[in-house]
Amino acid sequence: MDNHIIEMLNITKVFPGIVANDDVTLKLRKGEIHALLGENGAGKSTLMSVLFGLYQAEQGEIRKNGQVVQINNPNDANALGIGMVHQHFKLVEIFTVLENIILGVEPNKMGFLQKNEAREKILSLSEKYGLKVNPDSLIEKISVGMQQRVEILKMLYRDNEILIFDEPTAVLTPQEIDELMDIMRGFAKEGKSILFITHKLNEIIAVADRCTVLRKGKLVGTVDIKNTTKEELSHMMVGREVDFVVNKSEVEIKENVLSVRNISVSSESHKKLAVNQVSFDVHAGEIVCIAGIDGNGQTELVYALTGLQKLENGQISLCGTDITKASIRNRSKAGMSHIPEDRHKHGLVLDYSLEDNIVLQRYWQPQFQKNGFIKDRAVRNYAKRLIDQYDVRSGQGPVTLVRSMSGGNQQKAIVAREIDKEHKLLVAVQPTRGLDVGAIEYIHKQLLDSRDSGKAVLLVSLELDEVMNISDRILVMYEGEIVGELNPKNTSVQELGLYMSGAKRDTSKGE
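Residues numbered from 1 in each chain as written. Predicted model: local features only at pLDDT ≥ 70, side-chain atom pairs only at ≥ 80, totals over all residues. Heavy atoms only, no water.

Visitor: Go over the pattern of salt bridges, please, and point to the residues and values.
Guide: Considering all chains together, one arrives at 29 salt bridges under this definition. Residue Asp 136 pairs with Arg 119 through a salt bridge whose shortest N-O separation is 3.0 Å. One end of the pair, Asp 136, is in the loop between helix H4 (115–129) and helix H5 (144–157); the other, Arg 119, is in helix H4, with 17 residues separating them in the sequence. When its relative accessible area of 26% is taken as the criterion, Arg 119 is described as partly exposed. (Salt bridge = Lys/Arg side-chain N within 4 Å of Asp/Glu carboxyl O. Helix = DSSP H or I, 4+ residues; strand = E, 2+ residues; numbered from the N terminus. Buried < 20%, exposed > 50% of the residue type's maximum accessible area, 1.4 Å probe, protein only.)

Right under this line is the structure:
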C-alpha cells in the first residue's frame, strides 16, 4: 500500500464564470517530490491554495495520513505541517528578513519578543540547508532570489513537513535554479514531502518522482517521471504536439532604431553605479538580447530606457529623436513598447478589469475615446480580439478583475497589449516568465514576427535557451558593464556563462 501523507480527493473549486478545479484527485507520498503541471490557468495554484487553506473547495475532501482534515485557513495548514512558497511572495517589504520569517509565530516571554532566540534558529536553518541570508536586511533591498530563500526559511522555521512550491524558479537565475533543485532533493531525503508547481519540463524531468497533469481544471493523469518523456508531458499538458525548436529566418538589419550612448544609472542598494558607461544600438529587423546573471544592472538599464529611472549621464535616442528626458507616455507615443520585469508593479493595475488594462497605453486615442469619454464598446471589442488571439484565460472575459487571474494569463495580457500596440521598438523583459510551453512557443513566434516586420526588439532574459534560440546578437552585462557581444550562431552556452560570471570579457565593449 502506498504511504500517502496527503490525499486530495475529488476536489471541485468554482469561481464566478469558471470551474477552476473539476473533480481533481491528487495523492502525495511521504518523501517524494511530486510535480504539478498544466497550462496557465489550468487550476494548479488554485488546487494548492485549497490545500493551504486560502480557498475552500465546494466538493471533495483532504486527508493527512489517512485521516480527514479540515483546513479553513493557512494557520490550520501550518498546524498540520503544510507550508507554501507562493508565486508572488507574501513578504512585508519594509520588514527585515528575520521579522518576515517569524511573523505570526513570534517567540515571546511575558509578552516580550525574543528576537535572539529566533535569530539563532534562522541562522542554524540557513547554515544547514545552504540558504544563506542576512537576518537584518530589509526585504525591499534584497534580490528576488534572496526573497525566495526567506519564503523557504519561513516554512522551515515553522517545522513544516509538506512543502508547496508554486512556480519557484520563475524569478531565479540558472545558478539559483540548480541550488534550489539541490535543496529540494535534500528535503526529500530527510523525509519531507514536496509539491512543486512548474511549467518547465526540464526541471520536472530533473527533480520530480511523479507528475500530476491538469488541463482546463480537469485531471489528465499522474505519471512516474522515470517512465515518461518531455514530449509526452507537453502533450498531456496542452493536448497537442509542441515544437521545441525555434525556426527563424535570416536576420535583415535595417535602420538604427535605438541608440544608447555612455549611459550611467545609479543603484538604490549601494553607492556603486548599477549601469556604468554603457553604449549599444538596436536596429530594425533584429532581436538583441541583454544576457547576464540577475542583479548585474539589467533592471536599472531597462528602467532608464523606459523612463522609470533617471540617468546619471549619457543619451538615449529612439529613431533619431533624443528621448533621454522624455516622459514614459511620450516614449510610448514615440514608438516604444515595454513588457516589464515585474508585471504587478509596472505592468498592470490589479484592481482594474482586463479590458481596462489592455487599453492602458491607448485609452486617449480616437479609437477608444471621443470628447474625453471612453468608447466602451470599442474597448470591449478590442479586448475580446486580443483575449482570443493570445488565449488569455479569465473567468469573466474582458470584465474580469486582473487580480483574480493566474500569473501566466496576466503575463499574456501584457504581452498582447504591448505587441499589438503600434511600436518601433519592443523592450521585452522576461516575456515568457511563468508561461507554459504552448504559450512560450506562441510568444517567441510573436517576437520573431515583430522582428520580421521591421521592428527592433530588445530582449532581456535569464533563460539561456531563450537567449540562444531567438536572439540575433547577445550583449552580456556584468557588474553594470557590457563585457561581450556574441553571435549565438558562433558561441556556446559555456562561453556565454564565462562572460556572465565575469571570467571572460571583451575590453572593447562598452567603451
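Visitor: Now, about unusual backbone geometry: what can you tell me, with residues and values included?
Guide: Even without glycine at this site, Asn 10 takes up a positive phi of about 55°. In this fold, Asn 10 is placed in strand E1 (residues 4–15). Positive phi values are uncommon outside glycine, yet Asn 65 reaches one of about 50°. For Asn 65, the position within the fold is in the loop between strand E4 (59–64) and strand E5 (67–69).

Visitor: Describe the pairing of E4, and please don't skip the residues or the numbers.
Guide: Side-chain direction in a regular strand flips from residue to residue, so the side chains alternate between the two faces of the sheet. The pairing of E1 with E4 spans five bridges and is antiparallel. By the bridge assignment for E4, Met 8 is matched with Ile 62. Connecting E4 to the antiparallel partner E5 that follows it, the hairpin turn spans two residues, and Asn 65 within it adopts a positive phi of roughly 50°. (Pairing = 2+ DSSP bridges.)

Visitor: Before we move on, can you summarise the sheet that holds E5 with the specific residues and values?
Guide: As summarised here, the arrangement of the four strands in space is E2-E1-E4-E5, forming an open sheet in which the pairing is antiparallel. The open sheet has two edge strands with one neighbour each: strand E2 (18–29) and E5. Neighbouring strand axes in the sheet, compared pairwise and without regard to direction, differ in orientation by 25° on average. Alignment of E4 against E5, held across three bridges, turns out to be antiparallel. The partner of Arg 63 across the bridge, within E5, is Val 68. (Axes fitted to C-alpha atoms, helices over the stretch in contact; angles between N-to-C directions.)

Visitor: How would you explain the pairing of strand E23 (residues 473–478) if you had to name every residue and give the values?
Guide: Summarising burial for E23: six of the six residues are buried, a large majority. Of the two faces of E23, the one lined by Arg 473, Leu 475 and Met 477 and the one lined by Ile 474, Val 476 and Tyr 478 are each fully buried. Across four bridges, strand E15 (residues 287–291) lies against E23 in parallel orientation. Within E23, the position partnered with Val 288 by the bridge is Arg 473. Taken together, the five bridges between E23 and strand E24 (residues 481–486) define a ladder with antiparallel strand orientation.

Visitor: Quick rundown of the environment of Phe 15? Include the residues and the values.
Guide: By the element assignment, Phe 15 lies in strand E1. Taking relative accessible area as the criterion, Phe 15 reaches 26% and is therefore assigned partly exposed. With sequence-adjacent residues up to four places away left out, Phe 15 is seen in contact with Ala 20, Thr 46 and Tyr 55. (Contact = heavy atoms within 4.5 Å.)

Visitor: Account for the packing of aromatic side chains, naming residues and giving values.
Guide: Scanning the model with the defined rule gives five aromatic pairs in all. Ring geometry for Phe 15 versus Tyr 55: centroids 5.0 Å apart, planes at 75°, classification edge-to-face. Highlighted residues: Phe 15 in strand E1 and Tyr 55 in the loop between helix H1 (44–51) and E4, separated in sequence by 40 residues. According to the relative accessible area criterion, Tyr 55 is partly exposed, its value standing at 33%. (Phe/Tyr/Trp six-rings, centres within 6.5 Å; stacked < 30°, edge-to-face > 60°.)

Visitor: Could you give me a rundown of the packing of helix H13 (residues 376–389) against helix H14 (residues 407–420), with the residues and numbers involved?
Guide: The geometry of H13 relative to H14 is characterised by a closest axis approach of 10 Å and an angle of 110° between their N-to-C directions. Taken together, the axis directions place H13 and H14 in an arrangement best described as roughly perpendicular. Seen along the crossing, H13 lies across H14 with a hand that is right-handed. Each of Tyr 382, Arg 385 and Leu 386 in H13 lies in contact with H14, whose residues at this interface are Ala 416, Arg 417 and Asp 420. Partitioning the contact of H13 with H14 into residue classes produces three nonpolar, no polar and three charged. (Parallel < 35°, antiparallel > 145°, perpendicular 65-115°, else oblique. Left-handed = near helix turned anticlockwise from the far one by under 90°. Nonpolar A, V, L, I, M, F, W, Y, C, P; charged D, E, K, R; others polar.)

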